[in-house]
Amino acid sequence: MDKAQKSLGYATSVIEADELVKVGNTNLASALYGKAAGVRIQGGAGGATSPVNIQIRGINSITGKSQPLIVLDGVPIRNEEVTNNNYWGDQRLRGNGLLDINPADVENISILKGASAAALYGSEAVNGVVLITTKKGKAGENGMQVDFNTNFSVDEIAYLPRYQNVRGPGMPSHILNLGQAADGFNYTADGMRTVPNSSTNYGPKFDGQPMQAWDGITRPYNAQQDNYSALFNNPVSSQINISISNATEKSNFRLSLTRQDNEALSLNSKNSKNIINLNSSYQVSKKLTTDLMINYINQNTANRPYSIDRLINNFGGMMTRFDNGAWYLDRYQTSRGYRYVTGNGQSLTPDENITGNGFRGDIADYVWRVNKNQASEISNRVIGSLTNTFKFTDDLNLRARISTDFTSRYNESENYSERPLAFGPSGSFGMSTELFSILYGDIMLNYKKAITEDFTIGAMLGYTARTENSSSVGRSTNGGLSTENLFDIVASTNIPNNSSNRQYRTIDALLGTVNFDYKSIWFVEGTIRRDRISTMNPNNNTFVYPSVNTAFALTDAFDLPQFITFSKLRGSWGIVGNYPDIYSANIAYSQNSLGVQQLGGSNVLFTSLPSSFGNDGIRPEQKHEFEFGLDTRFFNNRFSLDISYYNAQIRDQILPLTLPTTSGAFSVLTNIGTLRNTGIEIQLTGDIISTPNFQWDATINLSKISNKVEKLANNATELLHVDYDGNAAQLRSVVGRPMGDFYARPIALDANGNQVVQPNGLYKIDDQKWIQVGNAMPDALGGIINEFSYKNFSLYAVMDFQIGGSVMPTGINWMKSRGLTEESLNFMDEASGGLAYYRNDTGQGVGVPHSTAQGPNGETVYHDGMVMDGVVADGSTNTNVVSQAFYYWNTYNWGGPQYSQSRYELYIQDNNYLKMRELSVAYTIPNQITSKIGVSNVNISVYGRNLFFLYRSIKDLDPEVLTGGSRWTQTLTSAGTNPATRTYGVMLRARF
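Residues numbered from 1 in each chain as written. Predicted model: local features only at pLDDT ≥ 70, side-chain atom pairs only at ≥ 80, totals over all residues. Heavy atoms only, no water.

1. Remarks on the overall build of the chain
Helix and strand counts for the chain stand at 10 helices and 46 strands. Expected size for 992 residues packed as a compact globule is a radius of gyration near 30 Å; at 32 Å, the chain falls within 12% of this value. Along the first, second and third principal axes, the C-alpha atoms of the chain reach 105 × 85 × 75 Å. Per-residue burial for the chain yields a buried fraction of 52% across its 992 residues. Partitioning the intrachain contacts of the chain with sequence separation of at least 6 by distance along the chain shows that 69% fall at a separation of at least 24. With the model as given, the accessible surface of the chain reaches about 42000 Å², and the carbon-plus-sulfur share is 54%. Averaged over its 82 positive side-chain charges, the chain has a centre that lies 5 Å from the centre of its 89 negative ones. (Helix = DSSP H or I, 4+ residues; strand = E, 2+ residues; numbered from the N terminus. Rg over C-alpha atoms; globule rule 2.2 N^0.38 Å. Buried < 20%, exposed > 50% of the residue type's maximum accessible area, 1.4 Å probe, protein only. Contact = heavy atoms within 4.5 Å. Areas by Shrake-Rupley, 256 points an atom, 1.4 Å probe, with all protein chains shown as cover. Lys, Arg positive; Asp, Glu negative; His and termini not counted. Charge placed at Lys NZ, Arg CZ, Asp CG, Glu CD.)

What follows is the structure in structure tokens.
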């Protein structure tokens, strides 16, 4: 073990370059699944432009940011938060800045987890730090070295709901009258069977006989088993990377060129990148060394993936089992190119109006938008740093660095005219420019001296500063286009809309470290950082973050058994901070205009306070954390065990405190909470089998996370985060419990504790009580990595897993209400457990044997019955048999007790899974063959990503599609981003 690693007094995880590129990951974060203990990755669905969340050691802020600080070659870079679950605000799925970093240019990633490890990064390290080190120049056998890497992949939709393929649209006539005949079918005036105008799927079984669909075409009445596929791409992606590098005694350089072309699931959605990375170092003299890093990303995005929210979270967008996306592709626009028209709507082509039953307007709207609402982005991003190191003596040097992360982005949106101009203007055009800039600089004086043979001391004193700016300016048409499909501001029917926004933030800090080393056995380091930030009150914006860590090499200090190659104990304590969101602490008036109030008068201005107050006295959140660990290697480093225990208290949680309306505001920003995270991280690695021809290496990591809300302000016992669907469920943080409890309305109980059944045969929902059903925080997570090699063949497999962590995918449960999923087939007949019954004259279901032909008065006998276990109002046992269609239709419906009889406690499930995340099979061509054409290290592989679940508790979706934003509360309920995908690819790597 090298001395730098040996001296660390805190836990870190390092992921090497080869692990980042084996399966052609398009971004760094998605290459980290299962590879670092205590690190949770959540990738958004949709493709290469969708965001990826990183959580290190759980959630550290009840309502604030949870993403770590990203540092590239020593300098912080932009990695903004995103919100992709606000359909009415933005239907496009946005990505974050980390996606721009090319995995092929990365040497390794180090993850700093604890407060002590991250303390030198101060105010933004409360969620940990991800350190990215890019590749440096290396010399080949004959000087210059050229590396080549290319891959090609295809995606397919994965983990769709388990749709039923037994029965089609409709409902039993004794449950709902849809105009159906005695055989359950609907008929047109000329006697043709047709579907009812309903989103429910409890109708007649599929029989293959002719049926008229909503588009007027007669087709066999069969389940449309893959009916969503036509609405999405089969994305194809490729990447080519070539790098040139060299090194001499005085200099080294590496120049890398990359081209990425990525398609997304949404129709017409594509992204391309041209990436240039230069990393060089030059020894100007014996005392001066200069390092230069430039990373340039030119990116062109056509039509970011479009949210499918209305197809999942709205009954009007749920496709019945006798419907198909391909039919909408033929009818979403008229022959003149205008948006579809329904019924007797005004149209130039009235004979093309859609009049048939079963047409789903939300699906047609989605198809129109992905095809006719075009959006383009062109961005240029430069991340660069210049570092000069001057060596005064062998013991003393001065390092000065300046860097920038600058992005310019130009956006255009072209929404085609939906109707002829004679019927009124429609369509729109918009354009905007966005600028993002981080200017960073630091200067560090470093000293290291061996005082005696046994003692070495070191110290560092430095100053660092960072300024962040962002701005945007936009214009868009207002009231539609005055000329059809003229995409220009001049075509605005009314005065064009204008928008602008800008933000500024500056952070600077003084920092220092002192460390000593005794015989390379005992290491101690102390750090201190004094932060100052511009977005807080100038009289209260300076804070100090100290830390101390130590490591003790047991094997160097004591005579341990021979099989222990190396062992060290480590311990650390530190404080890091987290500031409020930019400008949220401000108390500032907004200025508005009443316009000109009288002839010849001037504009009248007025000011108003916002509904949410800031707070001049707000303090940053502070994480106080201590950590202990053991790192032990066995049998000449063939096996290793690394264990860490951490205990972090995050104080002064920044939360909005609700105010009485008489105060003039709804809330005020306040330090009102304390949160505690504790956990154990374990990593086992082993060179299990090692022979000349066969090698088996394995790594297992596991982290157990415990989270508890310790205190809220004003002796409050809980904090409400979200109320779902009109009081149907709630997400709360309760003092004394883990953050993020799910609550739902229970079944009403009588005085004896029996479940109460209503006269309609369904359970009564208690609208006065709540029960805690689940919790959003995972109990444990981890990864299992195996690599097998036999001669020149290798197999690489990564599995990741999670235990616990409840989610509530409402849209999937609403599909059960509509009879779309396999679960809705339960009890549909005798074979599937249904009871036989007839309905008496009061509408009650009376159970009878299945052999009964009819009721006592000739009533029809049905075989799809269910009986709720409970009592009715008078305390007697419930015997009312109800149709399973009635049960599923109502029990899994939308809304709280005042709107429906839905049981949201059934929606909330633990998200337990074990997934095959990455799989690669590779062959390395022997060098004695390839060297004849001047090539070496030729490796050909096939790979897959997100391939399959070995186990999952949630069967009808990949829970990662719930990742609708960067904050933890945005990753729990909405399945309406995009479907999940699995990827298959082929890769070629070589060296010249």
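Moving on from the coordinates now.
2. Let's talk about the pairing of strand S7 (residues 129-134)
A regular strand places its side chains so that they alternate between the two faces of the sheet. Of all six residues making up S7, five are buried, and the element is well covered by its neighbours. Alignment of strand S4 (residues 69-72) against S7, held across four bridges, turns out to be parallel. Its bridge partner lying in S7, Val71 is registered against Leu131. Inspection of the sheet shows strand S6 (residues 106-112) paired to S7 by six bridges, in the antiparallel sense. (Pairing = 2+ DSSP bridges.)

3. Details of the side chain of Thr407
Along the chain, Thr407 falls in strand S18 (residues 396-415). Assessed through its relative accessible area of 2%, Thr407 is described here as buried. Among the polar contacts listed, one links the side chain of Thr407 to the side chain of Arg78, at a separation of 2.9 Å. (Polar contact = N/O pair within 3.5 Å; in protein donor to acceptor, adjacent residues only side chain to side chain.)

4. A look at the packing of aromatic side chains
If you walk through the whole model with that rule in mind, you get 37 aromatic pairs. Site record: aromatic cluster; members linked through ring pairs are Phe185, Phe206, Tyr221, Phe322 and Trp327. The positively charged end of Lys22 is found above the aromatic ring belonging to Tyr796, 4.9 Å away from the centroid. (Phe/Tyr/Trp six-rings, centres within 6.5 Å; stacked < 30°, edge-to-face > 60°. Lys NZ or Arg CZ within 6 Å of the ring centre and 35° of its normal.)

5. Section: the pattern of salt bridges
Taken as a whole, this structure holds 53 salt bridges when the rule is applied. Across the pair Asp365 and Arg339 runs a salt bridge, and its minimum N-O distance is 2.5 Å. With Asp365 in helix H6 (residues 361-372) and Arg339 in the loop between helix H5 (325-331) and H6, this residue pair connects regions lying 26 residues apart in the sequence. Classification of Arg339 by relative accessible area gives partly exposed; the value is 24%. With a closest N to O distance of 2.6 Å, Arg737 and Asp741 form a salt bridge. Overall, the relative accessible area of 30% leaves Arg737 in the partly exposed class. Owing to a relative accessible area of 0%, Asp741 belongs among the buried residues under this scheme. (Salt bridge = Lys/Arg side-chain N within 4 Å of Asp/Glu carboxyl O.)

6. Thoughts on the UniProt feature "domain: TonB-dependent receptor plug" (unreviewed entry) in the chain
In this structure's numbering, the residues bearing the UniProt feature "domain: TonB-dependent receptor plug" (unreviewed entry) are residues 6-129. Annotated as residues 6-129, this span is 8% helix and 23% strand, and its ends, taken at the C-alpha atoms, are 20 Å apart. (UniProt positions renumbered as here; feature names shortened; annotations may be inferred.)

7. So, the domain arrangement of the chain
On domain assignment, one finds that the chain holds domain 1 (3-151 + 235-306 + 373-574 + 605-726 + 779-783) and domain 2 (741-774 + 810-906). Between the C-alpha centres of domain 1 and domain 2 the distance comes to 50 Å. (Domains from an automatic or database assignment.)

8. Overview of empty space enclosed by the protein
The final tally for this structure, using the stated rule, is 13 cavities of 30 Å³ or more. When its volume is computed, the largest cavity comes out at roughly 610 Å³. For the largest cavity, the lining is made up of 38 residues, of which Gly44, Gly47, Arg945, Thr981 and Thr983 are closest to its centre. Here the element with the most residues in the lining of the largest cavity is strand S46 (residues 980-991); it accounts for four residues. Its residues assigned to classes, the lining of the largest cavity comprises 10 nonpolar, 20 polar and eight charged. Space inside the second largest cavity adds up to approximately 330 Å³. Lining the second largest cavity are 33 residues; nearest its centre among them are Arg40, Ile41, Gln42, Gln802 and Tyr913. Of the residues forming the lining of the second largest cavity, the biggest block, four residues, is contributed by strand S2 (residues 39-43). By residue class, the composition of the lining of the second largest cavity is 15 nonpolar, 12 polar and six charged. (1 Å grid on protein atoms, 1.4 Å probe; cavity = no way out; pocket = protein on both sides within 12 Å on 5 of 7 lines; lining within 4 Å. Points joined across faces, edges and corners; volume = space filled by probe spheres on them. Nonpolar A, V, L, I, M, F, W, Y, C, P; charged D, E, K, R; others polar.)

9. Quick look at the sheet that holds strand S35 (residues 771-775)
One open sheet accounts for four strands, arranged S32-S33-S34-S35; its pairing is antiparallel. If you trace the sheet from one side to the other, it starts and ends with strand S32 (718-724) and S35, each paired once. Each strand of the sheet is rotated relative to its neighbour by a mean of 30°, with strand direction disregarded. Sheet analysis places strand S33 (residues 729-734) next to strand S34 (residues 741-744), joined by four bridges and oriented antiparallel. Across the sheet, residue Gln730 finds its bridge partner in S34, namely Tyr743. (Axes fitted to C-alpha atoms, helices over the stretch in contact; angles between N-to-C directions.)

10. Comments concerning the environment of Tyr838
Tracing the sequence through the fold places Tyr838 in strand S39 (residues 835-839). Note on Tyr838: relative accessible area 11%, which makes it buried. Each residue touching Tyr838, except ones within four places of it in the same chain, is listed here: Gln844, Gly845, Val846, Val848, Gly855, Pro856, Glu859, Thr860 and Val861.

11. Concerning a nonpolar patch on the surface
The grouping of Phe152, Val154, Val236, Leu795, Val921, Ile940, Val942, Tyr984, Val986 and Leu988 at the surface amounts to a nonpolar patch, some 730 Å² of accessible area in total. Mapped onto the nonpolar patch, the elements with two or more residues apiece are strand S8 (145-158), strand S45 (936-952) and S46. By residue number, the principal contributor to the nonpolar patch is S46, which donates three residues. On the secondary structure map, Val986 appears in strand S46. (Patch = residues over 30% accessible without salt bridge, like charges linked within 9 Å, V, L, I, M, F, W, Y side chains within 5 Å.)

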